[in-house]
Amino acid sequence: MSLRAETEAPPSARVHRFTRAERWVHRGTAALMGVCVVTAAFLYIPQLAVMVGRRELVVRIHECAGVALPVPVLLGLASRAFRGDLRFLNRFGPHDRVWLRAALRRDKRRASRPAGKFNAGQKIYAAWIAGATLVMLGTGLMMWFTHVTPLMWRTSATFVHDWLALTIGVVLAGHIGMALGDPEARRGMRTGSVSEVWARNEHPLWRP
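Residues numbered from 1 in each chain as written. Predicted model: local features only at pLDDT ≥ 70, side-chain atom pairs only at ≥ 80, totals over all residues. Heavy atoms only, no water.

### Here we look at a nonpolar patch on the surface
Right, so step 1: Taken together, the side chains of V135, F159, V160, W163, L166 and V170 define a hydrophobic patch exposed on the protein surface, amounting to about 610 Å² of accessible area.
Right, so step 2: When residues in the nonpolar patch are grouped by element, the largest group, five residues, is from helix 9 (residues 151–180).
Right, so step 3: As for its position among the elements, L166 is in helix 9. (Patch = residues over 30% accessible without salt bridge, like charges linked within 9 Å, V, L, I, M, F, W, Y side chains within 5 Å. Areas by Shrake-Rupley, 256 points an atom, 1.4 Å probe, with all protein chains shown as cover. Salt bridge = Lys/Arg side-chain N within 4 Å of Asp/Glu carboxyl O. Helix = DSSP H or I, 4+ residues; strand = E, 2+ residues; numbered from the N terminus.)

Rendered as structure tokens:
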């Protein structure tokens, strides 16, 4: 047996990836985002709106879920591990540019896509969805409290809110599709740990 084979970890070895607090932040945010998306569909698609009927109730659920959307992240700031992951997500290094160039070339070789705990695509998604959530919250509050802002502002807010909602739906569908294609990543978010082999292959620069 070779030295490399002797020193490699067994296939069953697991490494810690997310704490319980981080997993609950993700679950809470996903649940609230799901409520926003589903209620928005019932509000804007006539066929679905007819099925529900109680538009005022759907509007209230949509508003409450939207206002509560930042709460899981704000509560998560009490976790040191969550704050640490936010710092990782907020740093874009030279290896991330290499990863992006490989993604644009559709180069799927693992050696051409170096990544730390989060790859460049995950960092861009996290930054985009955080900014989009804040814009949706701001425009939604303008639409909710109609007496606070001028009519032109509310009209513009409605336009931005509606089209950004459609964009968020498309991006979330892509995010879910990527998750469905990577069972080990889903297991990491569900249980908090991933296989050491997966960690080495997908995030070679990550040192758990």
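### Quick look at the side chain of H161
Right, so step 1: Structurally, H161 is set in helix 9.
Right, so step 2: Judged by relative accessible area, H161 falls into the buried class, the value being 9%.
Right, so step 3: Once you skip the residues sitting within four places of it in the chain, H161 turns out to touch H62, M136, T139, G140 and M143. (Buried < 20%, exposed > 50% of the residue type's maximum accessible area, 1.4 Å probe, protein only. Contact = heavy atoms within 4.5 Å.)

### Description of helix 9
Right, so step 1: Over its 30 residues, helix 9 runs 43 Å from end to end, which matches the ideal 44 Å to within 8%, given 1.5 Å per residue.
Right, so step 2: When we look at burial in helix 9, the residues that qualify are A157, H161, L164, I168 and L172.
Right, so step 3: Along its buried surface, helix 9 packs onto helix 2 (20–44), helix 4 (55–68) and helix 8 (120–144). (Expected span 1.5 Å × (residues − 1).)

### What to know about the layout of surface pockets
Right, so step 1: The computed volume of the second largest pocket comes to approximately 760 Å³.
Right, so step 2: A40, Y44, H62, M136 and H161 are the residues nearest the centre of the second largest pocket, which is lined by 29 residues in total.
Right, so step 3: If you list the elements that add at least two residues to the lining of the second largest pocket, you get helix 2, helix 4, helix 8 and helix 9.
Right, so step 4: Residue composition of the lining of the second largest pocket, by class: 20 nonpolar, six polar and three charged. (1 Å grid on protein atoms, 1.4 Å probe; cavity = no way out; pocket = protein on both sides within 12 Å on 5 of 7 lines; lining within 4 Å. Points joined across faces, edges and corners; volume = space filled by probe spheres on them. Nonpolar A, V, L, I, M, F, W, Y, C, P; charged D, E, K, R; others polar.)

### Observations regarding the state of the cysteines
Right, so step 1: In this structure the tally under the stated criterion is zero disulfides.
Right, so step 2: Just so you know, C36 is unpaired, no disulfide at all, and the nearest cysteine sulfur is the one on C64, 10 Å from it.
Right, so step 3: Overall, the relative accessible area of 10% leaves C36 in the buried class. (Disulfide = S-S within 2.5 Å.)

### Let's talk about the pattern of salt bridges
A side chain with one charge may pair with a side chain of the opposite charge, provided their charged atoms come close.
Right, so step 1: Following the criterion strictly, the structure yields nine salt bridges and no others.
Right, so step 2: E184 is paired through a salt bridge with R14; the nearest N and O atoms lie 3.0 Å apart. Of this pair, E184 sits in helix 10 (residues 183–191) while R14 is found in strand 1 (residues 14–16), placing the two residues 170 residues apart along the sequence.
Right, so step 3: For E184, a relative accessible area of 12% translates into the label buried.
Right, so step 4: Here E184 and R187 are joined by a salt bridge, their closest N and O atoms 2.2 Å apart. Of this pair, E184 and R187 both sit in helix 10, three residues apart, roughly one helical turn.
Right, so step 5: Taking the relative accessible area as the measure of exposure, R187 reaches 30% and is therefore partly exposed.
Right, so step 6: Here the salt bridges share partners, and the residues they tie into one network are R14, E184 and R187.

### Focus: a positive patch on the surface
Right, so step 1: On the surface, a cluster of positive charge is contributed by R20, R27, R186 and R190.
Right, so step 2: At the level of elements, helix 2 and helix 10 are the ones that each hand at least two residues to the positive patch. (Lys, Arg positive; Asp, Glu negative; His and termini not counted. Charge placed at Lys NZ, Arg CZ, Asp CG, Glu CD.)

### Here's the deal with the nonpolar core
Right, so step 1: Counting residues in hydrophobic clusters, the biggest one holds eight residues: M33, L69, I129, A132, M136, L164, I168 and L172.
Right, so step 2: Listing elements by their share of this core, those giving two or more residues are helix 8 and helix 9.
Right, so step 3: The residues contacting M136, other than those within four sequence positions of it, are H161, L164, A165 and I168.
Right, so step 4: Core analysis: the next-biggest nonpolar cluster, separate from the first, contains five residues, V15, W198, A199 and W206 among them. (Core = buried A, V, L, I, M, F, W, Y, C linked by side-chain atoms within 4.5 Å.)

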